[in-house]
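Listed here are the chains, written in short residue letters.
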Amino acid sequence: MNSVAPVPEPDATLVSVVMPVYNAQATMVRSIDSVLAQTHRQLELILVDDGSRDGSAAIMDAYAARDARVVAVRQPNGGVAAARNRSTNRRSAAGSVSP
């Protein structure tokens, strides 16, 4: 008798999208909306503010307040690589990001 392996649910795998943000107030809404509109529902969007001096932080906070998939992280300006690294360094043992 052949056994058939169960087929995983289409959106079972969590996908983390890291978006470094630096003075991106004029463009980030379109980028965030694009990520959140993806058909893959199991995703988290980690927005890392890299010391912005415009309204980027307020936009991040607004999205995080209304969508549980969005995590807002802030750090002093250190560059795009530091922003990406900050998100991976904050992962807990469960694989999620601690705000």
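Further up the page is the structure itself.
Residues numbered from 1 in each chain as written. Predicted model: local features only at pLDDT ≥ 70, side-chain atom pairs only at ≥ 80, totals over all residues. Heavy atoms only, no water.

A. Spatial organisation of unusual backbone geometry. Positive phi, normally seen in glycine, also occurs at asparagine 23, with a value near 45 degrees. Inspection of the secondary structure puts asparagine 23 in the loop between strand E1 (15-21) and helix H1 (28-36). (Helix = DSSP H or I, 4+ residues; strand = E, 2+ residues; numbered from the N terminus.)

B. Quick look at the nonpolar core. Core analysis: the biggest nonpolar cluster contains 14 residues, and Met19, Val21, Met28, Ile32, Leu36, Leu45 and Leu47 have the highest contact counts within it. For this core, the elements supplying multiple residues, two or more each, are E1, H1, strand E2 (43-50) and helix H2 (56-66). At four residues, H1 tops the list of elements feeding residues into this core. In contact with methionine 28, not counting residues within four places along its chain, are Val21, Ser56, Ile59 and Met60. (Core = buried A, V, L, I, M, F, W, Y, C linked by side-chain atoms within 4.5 Å. Buried < 20%, exposed > 50% of the residue type's maximum accessible area, 1.4 Å probe, protein only. Contact = heavy atoms within 4.5 Å.)

C. Spatial organisation of the pairing of E2. Among the eight residues of E2, eight are classified as buried, and the element is accordingly described as predominantly covered. Burial along E2 is two-sided: Leu43, Leu45, Leu47 and Asp49 and Glu44, Ile46, Val48 and Asp50, pointing in opposite directions, are all buried. Of the pairings in the sheet, the one linking E1 to E2 comprises seven bridges and is parallel in character. Directly across from valine 18, in E2, lies its bridge partner isoleucine 46. As a crossover connection, the stretch from E1 through H1 into E2 is right-handed. Alignment of E2 against strand E3 (residues 70-75), held across six bridges, turns out to be parallel. When the bridges of E3 are listed, valine 48 appears paired with valine 73. Note that the unit made of E2, H2 and E3 has a crossover that is right-handed. (Pairing = 2+ DSSP bridges. Right-handed = clockwise from strand over helix to strand, strands pointing away.)

Any functional reading would require information that these geometric values do not contain.
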